[in-house]
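If you want the building blocks of each chain, they are given just below.
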Amino acid sequence: MPSSSPSTTAATTPTVRTARDSSGPATTSPHAYDAGLLLLRLVLGLTMAAHGSQKLFGWFGGGGIDGTGQFFTMSGYPAGNTMAVVAGLTEILGGLGLAVGLLTPLAGAAIVGTMVNAIAVTWGGGFFAPKGNEYELLLTAGAAALALTGPGRYAADRFLPVLKAHRLAYGVAAVLVGLATAGAILLLRK
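One structure accompanies this document, and this report is about it. (Residues numbered from 1 in each chain as written. Predicted model: local features only at pLDDT ≥ 70, side-chain atom pairs only at ≥ 80, totals over all residues. Heavy atoms only, no water.)

1. Digging into the overall build of the protein
Scanning the protein from terminus to terminus reveals 7 helices and 2 strands. Mapped from its N terminus to its C terminus, the protein presents α and β elements in the order α-β-β-α-α-α-α-α-α. Out of the 190 residues belonging to the protein, those deemed buried represent 36%. Across the protein, the fraction of contacts at a sequence separation of at least 24, relative to all contacts at a separation of at least 6, is 60%. (Helix = DSSP H or I, 4+ residues; strand = E, 2+ residues; numbered from the N terminus. Buried < 20%, exposed > 50% of the residue type's maximum accessible area, 1.4 Å probe, protein only. Contact = heavy atoms within 4.5 Å.)

2. Section: unusual backbone geometry
A positive phi angle, close to 50°, is found at Ala79, a residue other than glycine. One can find Ala79 in the loop between helix 3 (64-74) and helix 4 (80-100). Phi is positive for Leu103, which is not a glycine, with a value near 50°. Positionally, Leu103 belongs in the loop between helix 4 and helix 5 (104-122).

3. Considerations on helix 6 (residues 134-149)
The α-helix advances 3.6 residues per turn, and as a result positions three or four apart in sequence lie on the same side. Relative to the 22 Å expected for 16 residues at 1.5 Å per residue, helix 6 spans 22 Å between its end C-alpha atoms, a close match to the ideal helical length. Of all the residues in helix 6, the buried ones are Glu136, Leu139, Thr140, Gly142, Ala143, Ala144, Leu146 and Ala147. Gly150 occupies a position one or two residues after helix 6 and carries a positive phi of about 90°. (Expected span 1.5 Å × (residues − 1).)

Right, here's the structure in full:
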């Protein structure tokens, strides 16, 4: 006798109707969902890691620790060089964590915290480039979305017993930690 409870995969996979078969519910391929999350993780994560390498190493036309430290000091943060190192490490480690899907909720939280500070610095310049903050907002929302949804099945988290089955509570808690940390750092800003 078949079980009446849905499988774990079916319960976490969105149901959509297809044009070919309208006779009953069809499920979206879990591989499509996971491939989409992988693409988002790779692009967002590697973008953030590259930004961190600009801050720490001066790669990709970045200012390195000294140039970034001067920017942080001019933006009202104390100990500019220290803030440059913290921001650079957060972006590199959080970005690489997202890219490989390792500790995804925490990696997403790290990016959220960093990007909330970036939004605070660019606030008041309007929404659109060159002085707006739409780019920072998009990166923040993408990192928060990944923390909330989890990394998908093509991720290192699948090998960690605690994170193998992602829970919304993990993502919510991580985003709240990222926001709280960002708030604490912003309180240091003049």
